2 protein chains.
Amino acid sequence: MTRRTDQLKLGAFLANSGHHVAAWRHPLAQADASLDFAHFRAIAETAERGKFDALFIADVVALWGHHHDALSRTARAEHFEPLTLMSALAAVTTHIGLIATATTSYNEPYHIARKFASLDHLSGGRAAWNLVTSVVSDEAWNFGREQHIDHGDRYQRAEEFHDVVKGLWDSWDDDAFVRDKASGQYFDPAKLHTLNHRGEHFAVRGPLNVARPPQGHPVLVQAGASPAGRTLAARVAEVIFASASDLADAQAFYQDIKARAADLGRDPDHIKILPGITPFIAESREQAQALFDEFQALIDPVLGLRLLADTLGEDIDLSGHDLDGPLPETPVGQRGSRRDKVLELAQKENLSIRQLYLRLAGGNPVIGTAADIADHFEAWFEARACDGFNVFFPYFPGGIEVFVDQVIPLLQERGLFRREYQGRTLRENLGLPRPANRFSRP
Amino acid sequence: MTRRTDQLKLGAFLANSGHHVAAWRHPLAQADASLDFAHFRAIAETAERGKFDALFIADVVALWGHHHDALSRTARAEHFEPLTLMSALAAVTTHIGLIATATTSYNEPYHIARKFASLDHLSGGRAAWNLVTSVVSDEAWNFGREQHIDHGDRYQRAEEFHDVVKGLWDSWDDDAFVRDKASGQYFDPAKLHTLNHRGEHFAVRGPLNVARPPQGHPVLVQAGASPAGRTLAARVAEVIFASASDLADAQAFYQDIKARAADLGRDPDHIKILPGITPFIAESREQAQALFDEFQALIDPVLGLRLLADTLGEDIDLSGHDLDGPLPETPVGQRGSRRDKVLELAQKENLSIRQLYLRLAGGNPVIGTAADIADHFEAWFEARACDGFNVFFPYFPGGIEVFVDQVIPLLQERGLFRREYQGRTLRENLGLPRPANRFSRP
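Residues numbered from 1 in each chain as written. Chains lettered and ligands numbered in written order. Predicted model: local features only at pLDDT ≥ 70, side-chain atom pairs only at ≥ 80, totals over all residues. Heavy atoms only, no water.

## Some remarks on the overall build of chain A
- Check the secondary structure of chain A and you find 15 helices and 13 strands.
- Relative to the 2.2 N^0.38 estimate, which gives 22 Å for 442 residues, the radius of gyration of chain A is 23 Å and therefore close to what a compact globule would have.
- Overall, chain A is about 80 × 55 × 45 Å in size when its C-alpha atoms are taken along their principal axes.
- Considering chain A as a whole, with its 442 residues, one finds that 60% of them fall into the buried category. (Helix = DSSP H or I, 4+ residues; strand = E, 2+ residues; numbered from the N terminus. Rg over C-alpha atoms; globule rule 2.2 N^0.38 Å. Buried < 20%, exposed > 50% of the residue type's maximum accessible area, 1.4 Å probe, protein only.)

## Looking at the UniProt feature "binding site: FMN" (unreviewed entry) in chain A
Residue and element names in this part refer to chain A.
- Per the UniProt annotation, the sites labelled "binding site: FMN" (unreviewed entry) are Asp59, Thr101, His151, Tyr155 and Ser226.
- For threonine 101, a relative accessible area of 4% gives the class buried.
- Mapped onto the fold, tyrosine 155 is located in helix α6 (residues 151–169). (UniProt positions renumbered as here; feature names shortened; annotations may be inferred.)

## Focus on the packing of helix α3 (residues 82–90) of chain A against helix α4 (residues 109–122) of chain A
All names here are of chain A.
- For the pair α3 and α4, the least separation of the axes is 9 Å and the interaxial angle reads 15°. One element, α3, and the other, α4, form an angle in the roughly parallel class. Both α3 and α4 take part in a crossing whose hand is left-handed. Between α3 and α4, the contacting residues are Leu83, Met86, Ser87 and Ala90 on the first element and Lys115, Phe116, Leu119 and Leu122 on the second.
- Of the residues contributing to the contact of α3 with α4, the split by class is 6 nonpolar, 1 polar and 1 charged. (Axes fitted to C-alpha atoms, helices over the stretch in contact; angles between N-to-C directions. Parallel < 35°, antiparallel > 145°, perpendicular 65-115°, else oblique. Left-handed = near helix turned anticlockwise from the far one by under 90°. Contact = heavy atoms within 4.5 Å. Nonpolar A, V, L, I, M, F, W, Y, C, P; charged D, E, K, R; others polar.)

## Observations concerning the relation of the copies chain A and chain B
- If you rotate chain A by 180° and push it 0.0 Å along the axis, it lands on chain B with an RMSD of 0.0 Å. Expressed as a symmetry operation, the mapping of one chain copy onto the other fits a two-fold axis. Relative to the rotation axis, the C-alpha of alanine 88 of chain A is the closest in chain A, positioned 2.0 Å from it.
- Both copies share a contact surface, since 100% of the interface residues of chain A are interface residues in chain B too. (Least-squares fit on C-alpha atoms with pLDDT ≥ 70 in both.)

## Things to note about helix α13 (residues 370–382) of chain B
- The terminal C-alpha atoms of α13 of chain B, which comprises 13 residues, lie 18 Å apart, in line with the 18 Å expected from a rise of 1.5 Å per residue.
- Those residues of α13 of chain B that sit buried are Ala370, Asp372, Ile373, Ala374, Phe377, Glu378, Trp380, Phe381 and Glu382 of chain B. (Expected span 1.5 Å × (residues − 1).)

## Observations concerning the pattern of salt bridges
Residues and elements named next belong to chain A.
- Within this structure, the stated rule accounts for 62 salt bridges over all chains.
- Measuring nitrogen to oxygen at the nearest pair gives 2.6 Å for the salt bridge that ties arginine 235 to glutamate 159. Of this pair, arginine 235 sits in helix α7 (residues 227–236) while glutamate 159 is found in helix α6, placing the two residues 76 residues apart along the sequence.
- By relative accessible area, glutamate 159 is classed as partly exposed at 29%. (Salt bridge = Lys/Arg side-chain N within 4 Å of Asp/Glu carboxyl O.)

## So, the interface of chain A and chain B
- Residue-level contacts link 74 residues of chain A with 74 residues of chain B.
- Summed over both partners, the interface of chain A with chain B buries about 6400 Å², with 59% contributed by carbon and sulfur atoms.
- Sorting the residues of chain A by area buried against chain B places Arg114, Lys181 and Tyr186 of chain A first, and these three jointly supply 12% of that buried surface.
- The interface formed by chain A and chain B contains 6 salt bridges.
- Between glutamate 78 of chain A and arginine 179 of chain B there is a salt bridge whose closest N-O contact spans 2.9 Å.
- Between the two partners, chain A and chain B, sit 38 residue pairs in polar contact (both at pLDDT 80 or more). (Buried area = accessible area lost by both parts, 1.4 Å probe. Polar contact = N/O pair within 3.5 Å; in protein donor to acceptor, adjacent residues only side chain to side chain.)

## Quick look at the domain arrangement of chain A
All names here are of chain A.
- Here chain A is described as being made up of domain 1 (9–167 + 205–282 + 369–430) and domain 2 (287–363).
- In this structure, domain 1 and domain 2 have C-alpha centres spaced 27 Å apart.
- Contact residues are listed per partner, giving 17 residues for domain 1 and 15 residues for domain 2.
- Taking both sides of the interface into account, the surface hidden between domain 1 and domain 2 amounts to around 1600 Å²; carbon and sulfur atoms contribute 74%.
- Area buried by domain 1 at its contact with domain 2 is led by His20, His26 and Phe280, which between them contribute 33% of it.
- On the surface where domain 1 and domain 2 come into contact, there are 1 salt bridge.
- Our enumeration of links across domain 1 and domain 2 arrives at 5 residue pairs in polar contact (both at pLDDT 80 or more).
- Breaking the side of domain 1 that touches domain 2 down by element, the ones donating at least two residues are α2 (68–71) and β11 (272–281).
- A breakdown of the residues in the side of domain 1 that touches domain 2 according to their chemical character gives 10 nonpolar, 4 polar and 3 charged. (Domains from an automatic or database assignment.)

## Here we look at the pairing of strand β11 (residues 272–281) of chain B
Residue and element names in this part refer to chain B.
- The buried count for β11 comes to 10 of 10 residues, which makes it a mostly enclosed element.
- With burial as the criterion, each face of β11 is covered, one bearing Lys272, Leu274, Gly276, Thr278 and Phe280 and the other bearing Ile273, Pro275, Ile277, Pro279 and Ile281.
- Where strand β10 (residues 239–242) meets β11, 4 bridges bridge the pair, whose relative direction is parallel. Across the sheet, the residue bridging to isoleucine 240 is isoleucine 273, located in β11.
- Following the backbone out of β10, through helix α8 (residues 247–263) and into the adjacent parallel β11, one traces a crossover that is right-handed.
- Note: β11 against strand β13 (residues 388–392), 2 bridges, orientation parallel. (Pairing = 2+ DSSP bridges. Right-handed = clockwise from strand over helix to strand, strands pointing away.)

## Things to note about the packing of aromatic side chains
All names here are of chain A.
- Here the structure, examined in full by the defined rule, presents 48 aromatic pairs over all chains.
- Here the aromatic rings of tryptophan 172 and phenylalanine 187 are separated by 4.9 Å at their centres, their planes lie at 80°, and the arrangement is edge-to-face. With a gap of 15 residues between them, tryptophan 172 in the loop between α6 and β5 (177–180) and phenylalanine 187 in strand β6 (residues 185–187) connect regions that are remote in the sequence.
- Taking the relative accessible area as the measure of exposure, tryptophan 172 reaches 0% and is therefore buried.
- Among the residues examined, phenylalanine 187 registers a relative accessible area of 0% and is labelled buried.
- Through a chain of ring-to-ring contacts, the aromatic side chains of Phe52, Phe377, Trp380, Phe389, Phe393, Phe396 and Phe403 assemble into a single cluster.
- Geometry around phenylalanine 381 places arginine 4 over its ring, the cationic atom sitting 3.8 Å from the centre. (Phe/Tyr/Trp six-rings, centres within 6.5 Å; stacked < 30°, edge-to-face > 60°. Lys NZ or Arg CZ within 6 Å of the ring centre and 35° of its normal.)

## Looking at the side chain of aspartate 170 of chain B
- With respect to the helices, strands and loops of the structure, aspartate 170 of chain B is situated in the loop between α6 (151–169) and β5 (177–180).
- There is a polar contact of 2.9 Å between the side chain of aspartate 170 of chain B and the side chain of histidine 217 of chain B.

## Description of the confidence of the model for chain A
- Confidence along chain A averages 94 in pLDDT terms, with 97% of residues attaining 70 or more.
- Reported confidence for the predicted complex is 0.97 by ipTM and 0.97 by pTM. (pLDDT = per-residue confidence, 0-100.)

## A closer look at unusual backbone geometry
- With omega at -5°, the peptide bond leading from glycine 206 of chain A into proline 207 of chain A counts as cis.
- Residue position: proline 207 of chain A is located in the loop between β8 (203–204) and β9 (219–222).
- Despite not being glycine, arginine 384 of chain B shows a phi value in the positive range, around 55°.
- Locating arginine 384 of chain B in the fold gives a position in the loop between α13 and β13.

## Considerations on the environment of alanine 262 of chain A
- Among the secondary structure elements, alanine 262 of chain A is positioned in helix α8 (residues 247–263).
- Considering only alpha carbons, one finds alanine 262 of chain A and leucine 308 of chain A, 46 residues apart in sequence, at a separation of 39 Å.

## Description of the environment of glutamate 160 of chain A
Residue and element names in this part refer to chain A.
- One can find glutamate 160 in helix α6.
- Given the relative accessible area of 11%, glutamate 160 is considered buried.
- Discounting chain neighbours no more than four positions away, the residues touching glutamate 160 are His197, Gly199, Glu200, His201 and Phe202.
- A polar contact of 3.0 Å, which involves the side chain of glutamate 160, links it to the backbone nitrogen of phenylalanine 202.

## Quick notes on helix α1 (residues 37–49) of chain B
- An ideal rise of 1.5 Å per residue puts 18 Å on 13 residues; α1 of chain B measures up with 18 Å between its terminal C-alpha atoms.
- All of the buried residues along α1 of chain B are Phe37, His39, Phe40, Ile43, Ala44, Thr46, Ala47 and Glu48 of chain B.
- Looking at the packing, one finds that the buried side of α1 of chain B touches α4 of chain A together with β1 (9–13), β2 (54–57), α3 (82–90) and α14 (398–413) of chain B.
- For α1 of chain B, the capping residue at the N-terminal end is aspartate 36 of chain B, with a side-chain oxygen 3.1 Å from the backbone nitrogen of alanine 38 of chain B.
- Just downstream of α1 of chain B lies lysine 51 of chain B, where phi reads positive at about 65°.

In structure tokens form, the structure reads like this:
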């Protein structure tokens, strides 16, 4: 294969004390980081020093689980709301993109279109929307519903929601606001467009009360891995957060999405695929492994068993079982692929209950020296398994500092990553085109 | 009456190029201010230099009117969404309160509770929610409804909405988060409270995924002047934005609200009543009047006639009438008090059509020297017509600069206004108590 001429795109995942579920307990992590704006500001400044494309924040509109005994072992029960946090970070950063998650399941398209347009103006063109659908009942209960809308409907609603939002972003031509003091004309009414949307799930008249965003449309991010998710992503996503654990899977996903996009008439280069990756970095591989082991050792069994139950289902009762013994015999094939994969893994590698939950909790780490991490990035990038990475720092603030100080320079030396921001907007830095206004007359 | 021992509370109203409807056309105003964050940041910094209690931003979740020809003569068709703007301003200010407007008619209480809690944490206890109900159909049309819910229902919904939001803010005891690295306990589950609200309009389980706000509850602001509005305000408001045009009216409103609050068992001092006021300030009264006249002369007749139609109703056709002649004969008493008051005013003062719309557009100005403005503030305050003012600066950025440089020092010299911020939070600066958590055990 020929060497790629483009460069890596990198997202920095924001997560309270760190991405590792027990990070807050580790001496390297700040335990009371969750609602400390100065903490997030410092991370943002470090990420910008490292020339990251964007900050990214996940979300759930509920407590992150209703098993309070397990939740109380994590730093996830309190967190900033994404749009307020990203707006505050917009004011103290200059170049870095701001990717906020918002669900289409329990929001209104007018609010979402407006808030992201507002953030795009506040930040000078650095906003991105990570479009998600809601999957946990805890969210439904906060919005007057007993349970979630089913999977198919959820994606239909998401797609219509998306279309309305994009339509609202086109409410104004880019040059609609003339602001002519002499004539008294502030805008040209001929360049104002009323959407008048009436669909299956929404009736939204418009127009939006915000001028067209600097980026035209804020960047659209998606993470769907299911067939419905991939279909939507291939049609609308400009950045995709993937969760591939091995190179072959990542290559297959990459090719599938790019091919689907091409089939829909899109330029495959206009979708950037960024798998998540958690780097544990130290001076030697042994030290890095020891660091990882330290974090793993801090996972409370109550939390570990909850992670197992969330994956395997509540019908497997592990109480009374020896954590260092095997899983009780469990039939596979009942609940779909992730459960089965985990059960197969346990069987194949003969893992104890504890080893299995540690494997789940550990996520998808890359453990080694800065050079090892850079090698990994380069190998996946050149193998066309990705266009970059969404980096999950295991602990904050140190985890991103070591990455920026040690890994980024290696990527830069190899020509794999920018030394300075080239674009003014997130869209420009990502190499994505600015969309035309659907309503504008040429 | 004895002289008051407390001090004025001052809010600074944020409005694009200025509060005057034609401000953007005036040489003193910045025309392209509406979506310029640097502009709002400069205003916020000036307000903080002037020791204002809070910044305030109004809102409508739609274009500010659907008569595009008139709207295109104003700077109101594009504006930041309040929560994103206030979050960004939180990051670049230290002391000043941040009052964002959000409607209860087209929002969900979980989102609102969460965003204001998030803003309160971002700002270190400076958030306030201006609770409004929606009154223009343009908003209904953006949320899948043909028209607004009627007045009574709107306030019932608002009251229940409010109660749910406050309940969610009490989801956590103030000391729920222990973050004990050694034991692995991040929070104490006994200090987490699930609301389980089931009411007429909402079913919201909770708990909130944000720790209790620094202020306990963000400050609650309201502006209802109707009987239903006053009833709600007396029960829940901590700051009231009033719109009184003469001293006697203001005193009557002030006494009415404070008496209603006392009847409900509240301490009347815990509601701060701030009428809106628009100061036109110059070196002499003549120059101030000339300045006001300059702004008035910039009001386009298309806009002026729209203001009249919005007030008098669409059934009065003014097309073809001489702007400098009288209103056509119009029967009073059909549409309620504001219309009738305006018609009576026109008759009593024998105003032309142009004079009448200029009167409406000019709002409630106080025109004079800095000393005149300070006298006016002092007179109203000492007459117990208010606890302070929500200041509508006619133009930005100069309008607030002259106020801070010339009026604030006079108020300070007279002992009517603080020289330094005393409190850490908005609540403390306003002299409002921190509410106890309804769920906490002592």
